[in-house]
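Coordinates in review
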Amino acid sequence: MINNMHTKKLIEKYGINNPEVIAELEKRGLLGSLKKDEVNRLLGRTDIPCGGLKIVYPNSPEVFTIRLDVPFAPDTTQKPRRYFKAVGQPNSLYIPYNLGNIEQLPEIWIVEGEMKALCGAVLGLPTVAIPGIWSWRGDDQSEASQISKLMGSGVTSDIDDKNALIKDLRFDYNGKKIVLLFDSDIDQFHPGFLSYHRFAEELYARGAESVKILITPEVADFDKTGLDDLFVGASNNGISAEAVTEDLRTKINDIPVFLPRGKGAEIMSNRLLKKGDDLTRSDKVVLTAIEITKEGKKRAKEWVKRFGNQKTSIYDDAMSLFKKTYRYYSQKLKREDLDNLPQIIKEACIQNSVEGLPSDLFNDSLFEVVYEVFSKSGDFYRSYNNEAYYNYRNEIINLESTEFKTLFTNKSTYPIGSNSKGRYIFDRMKARVLDEAQWVELKLETYYDKKENRLYLYQGKGRMLKITASGRPVTVGVGTDDILFKSDESMDPWEYENYTEEDEELFKKALFGFNFSSKSRMSRETIEILSLAWIIASRFRELNPTHPIPVSKGAKGSGKTSWACNVLRIFKGSSAAVRTVDFKKKDQVLNILTHESLAVFDNMDSNTHGIEDILASNATGGTLQTREYHTTNDTVKYQLIAWIIITTRTPEFLRDDIVDRLIPLDFDRLDEVIAENQIINMIANNRNKFQSIIVDICQEIINYIDKEGVSSQNEVLRMADFASFLRTYLRAMSPENGDMLCDKAIGELKLAQQFWLIDNDPIIECIKGLIADHTLQTNIRYKGTELITKIKGRAKENMIYLELRDTKELYEKLRERKDALENVCGITFQETSPHNIVHIEFMEN
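Report on the accompanying structure. (Residues numbered from 1 in each chain as written. Predicted model: local features only at pLDDT ≥ 70, side-chain atom pairs only at ≥ 80, totals over all residues. Heavy atoms only, no water.)

Details of the pairing of strand 22 (residues 643-648)
Test applied: Per-residue accessibility, obtained with a 1.4 Å probe over protein chains only, is compared with the maximum for each type, and a residue is labelled buried under 20%, exposed over 50%, and partly exposed between these values. For the purposes of this entry, the term helix denotes a DSSP run of H or I that reaches at least four residues, the term strand denotes a run of E that reaches at least two, and both are numbered from the N terminus. In short, DSSP must find at least two bridges between two strands for them to pair.
With respect to burial, strand 22 is a largely interior element, six of its six residues being buried. Alternating residues of strand 22 divide into Trp643, Ile645 and Thr647 and Ile644, Ile646 and Thr648, and every residue in both groups is buried. Where strand 18 (residues 549-553) lies against strand 22, three bridges are found, and the strand directions are parallel. Bridge pairing in strand 22 places Val551 opposite Ile646.

With respect to the layout of surface pockets
The following threshold applies: Detection works on a 1 Å grid of protein atoms alone, calling trapped sets that fit a 1.4 Å probe cavities and calling open sets with protein on both sides within 12 Å along at least five of seven lines pockets, with lining residues defined by an atom within 4 Å of a point. Grid points are joined across faces, edges and corners, and a volume is the space filled by probe spheres set on the points. Classes in brief: Ala, Val, Leu, Ile, Met, Phe, Trp, Tyr, Cys and Pro nonpolar; Asp, Glu, Lys and Arg charged; the others, Gly included, polar.
Within this model, the second largest pocket holds a volume of roughly 1,100 Å³. In terms of lining, the second largest pocket is formed by 32 residues, of which the most central are Arg82, Tyr83, Lys116, Asp183 and Lys224. Secondary-structure elements contributing two or more residues to the lining of the second largest pocket are strand 3 (60-72), strand 4 (81-84), helix 4 (114-122) and helix 8 (227-236). The element contributing the most residues to the lining of the second largest pocket is strand 4, with four residues. A breakdown of the residues in the lining of the second largest pocket according to their chemical character gives 11 nonpolar, six polar and 15 charged.

Quick word on the sheet that holds strand 17 (residues 483-485)
Spelled out, the test is: Axis definition: a line fitted to C-alpha atoms, limited for helices to the stretch in contact. Angles are taken between N-to-C directions and run from 0 to 180 degrees. By definition in these notes, contact holds between two residues if any of their heavy atoms fall within 4.5 Å.
Taken in spatial order, the five strands make up an open sheet running 11-10-9-12-17, and their pairing is mixed. Every other strand in the sheet has two partners, leaving strand 11 (395-398) and strand 17 as the edge strands with one partner each. Between one strand and the next, the sheet's axes are offset by a mean angle of 45°, whatever the strand orientation. Judged from the four bridges that link them, strand 10 (residues 388-392) and strand 11 form a sheet pairing that is antiparallel. From the neighbouring strand, Tyr390 faces strand 11, where its bridge partner is Ile397. Sitting on the sheet, helix 17 (residues 420-436) is in contact with strand 9 (379-383), strand 10 and strand 12 (438-443), with an inclination near 70° to strand 9.

Re helix 18 (residues 501-512)
Where we set the bar: Given the number of residues in a helix, its expected span is that number minus one, multiplied by 1.5 Å. The directions considered for the arc run from the helix axis to the C-beta atoms.
If you check helix 18, its first and last C-alpha atoms are 16 Å apart, about what 12 residues at 1.5 Å a residue would give, namely 16 Å. Those residues of helix 18 lying buried are Asp503, Phe507, Ala510, Leu511 and Phe512. Taken around the axis of helix 18, the buried residues stretch over an arc of 165°, which confines them to a single face. In helix 18, the exposed positions that point more than 90 degrees away from the buried face belong to Glu501, Glu502, Glu505 and Lys509.

Notes on the environment of Asp482
Secondary-structure assignment places Asp482 in the loop between strand 16 (474-477) and strand 17. The partly exposed category is assigned to Asp482, whose relative accessible area is 37%. C-alpha of Asp482 to C-alpha of Glu803: the two residues are 321 residues apart in sequence and 54 Å apart in space. Sequence-distant contacts of Asp482, that is, excluding residues within four places in its chain, are made with Gln438, Trp439, Val440 and Glu441.

A few points about the pairing of strand 6 (residues 127-130)
Just so we agree on the cut-off: Here is how to tell: hold the view so the strands point away, follow the path from the first strand over the helix to the second, and if it runs clockwise the crossover is right-handed.
Judged by which residues are buried, strand 6 turns out to be covered on both faces: Thr127 and Ala129 on one side and Val128 and Ile130 on the other are all buried. Judged from the four bridges that link them, strand 5 (residues 107-112) and strand 6 form a sheet pairing that is parallel. Each residue of the ladder has a partner; that of Val111, found in strand 6, is Ala129. In this fold, strand 5 hands off to helix 4, which returns the chain to strand 6; that crossover is right-handed.

Below is the structure:
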């Protein structure tokens, strides 16, 4: 029985609106409604949630398909579908009950789907169906199939098409005209379109006179169109079935025949040549077009000479037929998918083997094809330092990188005799990009546009957050406003999102929940102000070309490294880690400083081997000039871009010009050590919110600058850019007392810097002790050698580690710390040089 719902579906969905036909199908048992239990029983399943319509194959009654009332997917990894077959049923050809023996038909239309074939046959068309686009293939367990499987990997897909052809299609097609008529979504851009090429080759190999492939025209209001949809759509708009049939036949007549190039071509050529003197001009054109398809233009010109005086006109018509066929039947791979590039290049090479362009013209033609694919698949940019970049799937690739160049030199991309064409295309592409591509400012992680007062923060995956004085921050794609960020594989992507007061407390805990030393020369309030100001300043780099370096000092277990790691993880993600650098190798340090936006140098203790000058240059936004590798004497310049944090237990990089660039942070041992994994998880779970808190602080600064501008007040701190930003930041966040907080913080910072020079220097510690117990008298001149003897004696008595080589080093140390000695210890000294011998005289203030 066919229930009312399914009857209505046959009429409205499949165009079978003849009650007598429906009654006949029901009577023959070819269609029938099923309940859920019946569906599961027939399919050997238990999970189907609905009933369905059973479709029995008239030519093979044991074969059936069930169309479910509701689409179903066995698991979440699969797309829901309506049509199911019982497990183990072979692919079969569906032949409607009223067609009879199709081997007697002069013309056969093969469609995809049983109901489409039934609709067509009811309306007088010679339609049969395969269940899917690859269902003309199968495994009939024949000896040939078994041998093919043994020769291959043992799966049906490895069976040769000839042996895989389903048994219902294995007959003589001599003189038959075949139309492969498939749904509108399986067009020349679909990866399965080549299935029809292979199917057509098999039909030609079995003697078909012609094979044409027609993609069903689209109909409005249908997601995709099949043969039945054409008739249903026409009926809904008052158009007769006869008119639709006539239009279909016109379209079929207009499209060219498919020209085989494999075994089908040989069979077809031999069949036509057997006509001998009865060979028509049309036959000759087809034969020549097949030769062009198989062997190319040059060989076809030799082959066509057999037709004597007609050879030129036949060849011209054959070329016209070939081009028409090629344009219609070649698979049109999507040019916006770079993965299709090898196949697109291969098709271009095949086409050129026919057209026979000179090498230089073909190179240019191939370049245009390749450039089109790249342009549609991604975006090209040119930076102001004349570097070219490609944005592919949100990854920014330098055209000079090995990764990009390999695309033009490997044989999998260029399946031609050599990679010379690839190198030529790469050179042409780079030249065009530098000439035509969008100009961009190339940045790393953050960029502040001082002119427009706009801040851009890189979020990963080709996106950036744009912060302006008007409205909330918005996420935009890289390249917007001509801003491009390099891909940073070390950074996990993040999102801007809302947060609560509890989230702000967690943020403060991550940054300030440490045991800052009570002996620190800065108050807890100043430490928190300067630390957070430095973090925010790292987002406004263009306002801070010179910036201080936070140095966390403390014993093992004091949390100094954890604090630095937390800053790094908030910006980079949970996988970020501190750097253990061999400071004897300056190239390691320089590589980090010139390529990373934020880095932590862990345990920078003992002798740093001249790294002090590099740190000072980095803090002042300097450049590195060095010899370019693999050249004789060329030089290259690199900007020192990294903002760094240093952790240390016993710092020995304390020249006065270095300390002036530091934010000294002292840590005491923690009473309770928190597991590192807990901290990592806490930041990972709240990173979006922590980043968003920083974004909102940046927004406040942007809003303030829009109204008041950046502070222009003269500051006493050596890092004047940072001092100016600090005042701007505090005014934005605390309008009433921002200046007072800034003055207090700068004053405490300067004092802390000077104390660091004194507190961590064994020479000064010894001199202070010698003056305190009057071993060194004030207002008395001492020779350098005499001073060294007294200082070393004091160091030995108090077990103070001391390295002091000569008087020259002593004088240099004292000169570096002259201001700190006076301001912190109340000790001044003067140098005199009677008889060219330097004397030191101390005076107590």
